[in-house]
Amino acid sequence: MPNLEGKVAIVTGAGRGIGREHALALAQAGASVVVNDLGGSVAGEGSDATPAQTVVNEIVAAGGKAVANYDDVSDFAAAEHMIERAVERYGRLDILINNAGILRDRMLVNMSEDEWDAVISVHLKGHFAPLRHAAAYWRERSKGDDDVRGRVINTSSPSGVFGNVGQANYGAAKAGIAALTVIAAQELGRYGVTVNCLAPNARTRMTEMTFGGLEAPEEGFDPLDPGNMSPLVVALCADEAQDITGQVFFVWGGSVNVLIPWEDGELFPSDAKWDADELLAQLRERFPEGAAPAGMMAMMQKAGGQSMRAR
Ligand SMILES: NC(=O)c1ccc[n+]([C@@H]2O[C@H](COP(=O)([O-])OP(=O)(O)OC[C@H]3O[C@@H](n4cnc5c(N)ncnc54)[C@H](O)[C@@H]3O)[C@@H](O)[C@H]2O)c1
């Protein structure tokens, strides 16, 4: 395992599920960890200090270093406080894992304004706010002689990169997070910071419905164990990964796909402005069966190659 001794990490939403596994794995690799979690419901209602504190207790009991933090990542000032807390407590910040999230699924025709706003806020602003404050911190450090090796790992979703029915709010936020990753990687490289992104798959309280039919096997490897997501996080945090940035990693079980972003697909070249009739005729000719997205499950099977085997 890469040695992260002396590094300081924040993991948001680390009181449960995938974030908890990231926090345990980073601590096991030697990092001091700020375990952030607001502790609300899957829908983002309420708050509770227990999840974050329980993970801190687990890390400390295993001989690691950790402190709890209960800030709401979607609150700009609270996110700044979280970054300051890491620096105050451990003297520095090296790693930011943006992972906190909620769900309020609904078909578009029925989705309320609150359902849209809450999900966009926790995911998209909840990634931007900690990233913004951490980036300012790293820029300051890079002005001195400090050899900054900052790490940001964001959390997108198959829903964001492939699209999923019933998750217009969530998928839009998660697609935004993938775009944020690419832009932040371009902006922060000059300060010594890499920015990457996961599109995870795991059995947690958030996916009980989605993966309901996929129970953990009684023995052997469980592809949906949330712990499967964390080796990639630890690897990307190693000093040796200093030149791997701006990538979105789809992870299913033991398989990791480095996704190819929007590619130039079918080209309809013209040296002049298209005539709409002519362009429509060309579209009909090139797409005799029409053109529509394949859907999330089909794309996941193509990407991971594992989802069929897990069934
Ligand atoms: N489980 C999957 O298969 C899957 C798939 C794709 C993406 N994801 C993403 O992975 C991340 C982790 O999800 P999970 O499955 O572990 O879910 P989870 O519900 O087990 O964990 C999410 C944690 O985030 C915390 N949280 C929510 N809002 C917060 C806020 N405003 N501030 C601080 N903490 C907050 C919650 O209290 C919770 O403990 C999420 O971003 C999720 O969208 C998960």
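Refer to the preceding data block for the structure.
Residues numbered from 1 in each chain as written. Predicted model: local features only at pLDDT ≥ 70, side-chain atom pairs only at ≥ 80, totals over all residues. Heavy atoms only, no water.

A. Examining helix 6 (residues 168–188) more closely. The first and last C-alpha atoms of helix 6 sit 29 Å apart over 21 residues, in line with the 30 Å expected at 1.5 Å per residue. What helix 6 keeps buried is the set Asn 169, Tyr 170, Gly 171, Ala 173, Lys 174, Ile 177, Ala 178, Thr 181, Ala 184, Ala 185 and Leu 188. Elements in contact with the buried residues of helix 6: helix 4 (113–143), strand 5 (150–155), helix 5 (158–162), strand 6 (193–199) and strand 7 (248–252). (Helix = DSSP H or I, 4+ residues; strand = E, 2+ residues; numbered from the N terminus. Expected span 1.5 Å × (residues − 1). Buried < 20%, exposed > 50% of the residue type's maximum accessible area, 1.4 Å probe, protein only. Contact = heavy atoms within 4.5 Å.)

B. Looking closely at the packing of aromatic side chains. Scanning all chains against the criterion turns up four aromatic pairs. When the ring of Phe 76 is compared with that of Phe 128, the centres are 5.8 Å apart and the planes differ by 15°; the resulting orientation is stacked. Separated by 52 residues along the polypeptide, Phe 76 in helix 3 (residues 76–90) and Phe 128 in helix 4 bring together distant segments of the chain. When the ring of Tyr 137 is compared with that of Trp 138, the centres are 6.4 Å apart and the planes differ by 55°; the resulting orientation is tilted. Like Tyr 137, the residue Trp 138 is buried in the burial classification. Residue placement shows Arg 286 over the ring face of Phe 268; its charged tip is 4.1 Å from the ring centre. (Phe/Tyr/Trp six-rings, centres within 6.5 Å; stacked < 30°, edge-to-face > 60°. Lys NZ or Arg CZ within 6 Å of the ring centre and 35° of its normal.)

C. Just a nonpolar patch on the surface, in detail. A grouping of Met 107, Val 109 and Val 165 is seen on the molecular surface, where their side chains present a nonpolar patch of about 350 Å² in accessible area. Along the polypeptide, Val 109 turns up in the loop between strand 4 (95–97) and helix 4. (Patch = residues over 30% accessible without salt bridge, like charges linked within 9 Å, V, L, I, M, F, W, Y side chains within 5 Å. Areas by Shrake-Rupley, 256 points an atom, 1.4 Å probe, with all protein chains shown as cover. Salt bridge = Lys/Arg side-chain N within 4 Å of Asp/Glu carboxyl O.)

D. The arrangement of the site of the ligand in detail. The immediate surroundings of the ligand are formed by 32 residues, with Asp 37, Asn 99, Tyr 170, Ala 202 and Thr 204 found nearest. With respect to the ligand, the backbone of Leu 38 contributes an N or O atom lying 3.3 Å from a nitrogen atom. Within the contact set of the ligand, an oxygen atom lies 2.9 Å away from a side-chain nitrogen or oxygen of Arg 205. Relative to its free-state accessible area of 820 Å², the ligand is covered by the protein chains to the extent of 98%. Looking at the shell around the ligand, the elements with two or more residues in it are helix 1 (17–28), helix 4 and helix 6. (Near = heavy atom within 4 Å. Polar contact = N/O pair within 3.5 Å; in protein donor to acceptor, adjacent residues only side chain to side chain.)

E. Broad picture of the sheet that holds strand 8 (residues 255–258). Taken in spatial order, the eight strands make up an open sheet running 3-2-1-4-5-6-7-8, and their pairing is mixed. Every interior strand has two partners, whereas the edge strands, strand 3 (65–69) and strand 8, have only one. When strand polarity is set aside, the average angle formed by the axes of neighbouring strands in this sheet is 20°. Bridging between strand 6 and strand 7 involves three bridges; their strand directions are parallel. Its bridge partner lying in strand 7, Cys 197 is registered against Val 248. The strands that helix 2 (residues 50–61) touches are strand 2 (32–36) and strand 3; relative to strand 3, the one it contacts most, it runs at about 175°. (Pairing = 2+ DSSP bridges. Axes fitted to C-alpha atoms, helices over the stretch in contact; angles between N-to-C directions.)

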